[in-house]
Amino acid sequence: MPSPALRIADLLATAADRVGEAVRLEGWVRTRRDSKAGLSFVQISDGSCFASMQVVAPSDLANYESEILHLTSGASVVVEGEVVESRGKGQSIEVKATRIEVLGLVEDPDTYPISPKQHSWEYLREVAHLRPRTNTFGAVGRVRNCLAMAVHEFFQGLGFQWIHTPIITANDCEGAGEMFRVSTLDLENLPRTEEGKVDFSEDFFGREAHLTVSGQLAVECWCLALSKVYTFGPTFRAENSNTSRHLAEFWMIEPEIAFADLADDADLAEGLLKHCFRTLLDRRSDDLAFFAERIEPTCITRLESFVNSSFERMDYTDAIAALEKAAANGRTFEFPVAWGSDLQSEHERYLVEELVGRPVVVMNYPKDIKAFYMRMNDDGRTVAAMDVLAPGIGEIIGGSQREERLDVLDARLAEMNLPKEDYWWYRDLRRYGTVPHAGFGLGFERLIAYATGMGNVRDVIPFPRTPGSAEF
RNA sequence: UCCUCCGUAGCUCAAUGGUAGAGCGAGCGGCUGUUAACCGCUAGGUUGCUGGUUCGAGUCCAGCCGGGGGAGCCA
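Every value quoted in this text rests on a predicted model; they were computed, and no experiment measured them.

Chemist: Give a description of the overall build of chain A that names residues and reports values.
Modeler: Secondary structure assignment for chain A yields 13 helices and 16 strands. Its C-alpha atoms give chain A principal-axis dimensions of about 85 × 65 × 45 Å. Per-residue burial for chain A yields a buried fraction of 48% across its 472 residues. At a minimum sequence separation of 6, the contacts of chain A that also span at least 24 residues come to 67%. Accessible surface for chain A amounts to roughly 22700 Å². Of this, 50% is attributable to carbon and sulfur atoms.

Written as structure tokens, this is what we have:
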């Protein structure tokens, strides 16, 4: 009866106490090095941590000639053996095998897509089913998991409730971007109304339906009952945007707090980001060390500096003034700076990286460039919106205090030509026990990209969906 | 959607319009308590697709397909 397998992470965490112990490992071969001293070194990875384990396979193993000498990168094995102090330099302990069971060899090592060498990101996206076997993507996967847990721990520790807002929505009013249609209608033979339009009353939900572009409106409903809530789930945008910061399917974190204003919202955003990075620094130092060495040299230091610096709060109007001053002093911008237009990427980069040098929360934007639900300020021309800008990535969070006054909300809907009827349930929240409340959205992939130094969000999600690409 | 760059061996890349090469990976052999091991040998190609110019096209031209980067939109 074989003992249960030990994770390599657990073995390494308790290495000193395990010398002499019999263990069983399960994993995949990274490399094999043979020695004519009568043994082979087989590097085994099981994904539990960044490190792999050196397994020493003596030539007297029954299957040494027949199987061990044919192990190549990617083969799966079960190893039974003894933990011993290593006689080599690269590791303190190793496993001296008494038995190696080969579960699966690599069919054709010559064409195995993940050969032990450098591959381009573009190539690895084409083999997304195998790329988690690389150092980089294994590390990304563990960091992603760690950050997801940190998000939940942060909110749960503050008494937030996790709300599972719907993936399929029949709202006409989410309004955050192009939506993917959800339909069971026969595209070859669409039912038509008398006017010749598609008759969606025949569709599955009896009306038009789409994939959600944001859980915000739904989570507001639960906020105005449970006070502190958040959503964390997949979100879909059918925008034809081709950049390293956009995905058609991505995960978003959206907290919503009642009895709160924009300042509370900014504090919450700062607290969340710092908690996530602190947790990551604490728990995944092995993977971060790899990212710092091979991907982005400043990856650890900038996270440390992030958690130790206070975020600058800056009014949009003051930000414009600062940009105009910089322009007057000879700093050139490709796009003009003017009160009333949105900040361009280059403007955000200037504020964060050149002017302030640490994360900045820009607050109170002109109402004409922001959504209908954002709370009108007393000046009548700005709304209580905020963007959190971080050095190296730009906008990572967008949020606002919500308009809780029914008459002001209705005026905004009318101003933006949005039909009141479509927002009947959203308006009900203001009719029945309205309270000031606020929230924000954090793109999870952007968080991971920043934390790891990975340059493209397509490489921090297991199977990226982008325009023209949904393989796997 | 716009701008721009790129498609050559399993992968990363070379190749004035003139016989398609290297490194890594792979296979075989040698050497070694090795560690991105090392040394030698071998195999591996319809140069993204279609057409055009030319005595001759990986190279020049046109169209198409695929991908990267940047911009916009945003998270």
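Chemist: Can you explain the packing of helix α11 (residues 406-415) against helix α12 (residues 424-431)? Please cite residues and give values.
Modeler: At a minimum axis separation of 9 Å, α11 and α12 run at an interaxial angle of 155°. As judged from the angle between their axes, α11 and α12 are roughly antiparallel. Contacts between α11 and α12 involve Leu406, Leu409, Asp410 and Leu413 on the former and, on the latter, Tyr426, Arg427, Arg430 and Arg431.

Chemist: With reference to specific residues and values, describe the packing of aromatic side chains.
Modeler: Evaluated as defined, the whole model comprises 22 aromatic pairs. With centroids separated by 5.7 Å and ring planes inclined at 65°, the aromatic side chains of Phe290 and Phe291 adopt a geometry described as edge-to-face. Considered together, Phe290 and Phe291 belong to a single accessibility category, that of buried residues. Ring centres 5.3 Å apart and planes at 80° place the aromatic pair Phe372 and Tyr373 in the edge-to-face group. The class for Phe372 is buried, based on a relative accessible area of 6%. On the basis of relative accessibility, which here comes to 14%, the residue Tyr373 falls in the buried class. Pairwise contacts between aromatic rings join Phe154, Phe155, Phe160, Trp162 and Tyr230 into one cluster. Geometry around Tyr365 places Lys370 over its ring, the cationic atom sitting 4.3 Å from the centre.

Chemist: Can you break down the sheet that holds strand β9 (residues 209-211) residue by residue, with the values?
Modeler: Pairing within the open sheet is antiparallel, and its three strands lie in the order β7-β9-β8. This sheet does not close on itself; its edge strands, each paired only once, are β7 (168-169) and β8 (181-182). The sheet contact formed by β7 and β9 spans two bridges and is antiparallel. Residue pairing in the sheet places Thr169 in a bridge with His210 of β9.

Chemist: I'd like a rundown of the protein's contact with RNA strand B, residues and numbers included.
Modeler: The environment of RNA strand B is formed by 51 residues, the closest being Lys89, Asp110, Thr243, Gln344 and Arg446. Of all RNA strand B atoms lying within 4 Å of any protein atom, the proportion belonging to sugar or phosphate reaches 49%. Contact distances for RNA strand B include 2.8 Å between a sugar or linking oxygen and a side-chain N or O atom of Arg237. His246 places a polar side-chain atom, nitrogen or oxygen, 2.7 Å from a base oxygen of RNA strand B. Of all the secondary-structure elements, those providing two or more residues to the surface near RNA strand B are β1 (22-35), β3 (53-58), α3 (121-126), β11 (249-258), β15 (394-401) and β16 (437-443).

What counts, and where the lines are drawn
Residues numbered from 1 in each chain as written. Chains lettered and ligands numbered in written order. Predicted model: local features only at pLDDT ≥ 70, side-chain atom pairs only at ≥ 80, totals over all residues. Heavy atoms only, no water. Helix = DSSP H or I, 4+ residues; strand = E, 2+ residues; numbered from the N terminus. Buried < 20%, exposed > 50% of the residue type's maximum accessible area, 1.4 Å probe, protein only. Contact = heavy atoms within 4.5 Å. Areas by Shrake-Rupley, 256 points an atom, 1.4 Å probe, with all protein chains shown as cover. Axes fitted to C-alpha atoms, helices over the stretch in contact; angles between N-to-C directions. Parallel < 35°, antiparallel > 145°, perpendicular 65-115°, else oblique. Phe/Tyr/Trp six-rings, centres within 6.5 Å; stacked < 30°, edge-to-face > 60°. Lys NZ or Arg CZ within 6 Å of the ring centre and 35° of its normal. Pairing = 2+ DSSP bridges. Near = heavy atom within 4 Å. Polar contact = N/O pair within 3.5 Å; in protein donor to acceptor, adjacent residues only side chain to side chain.

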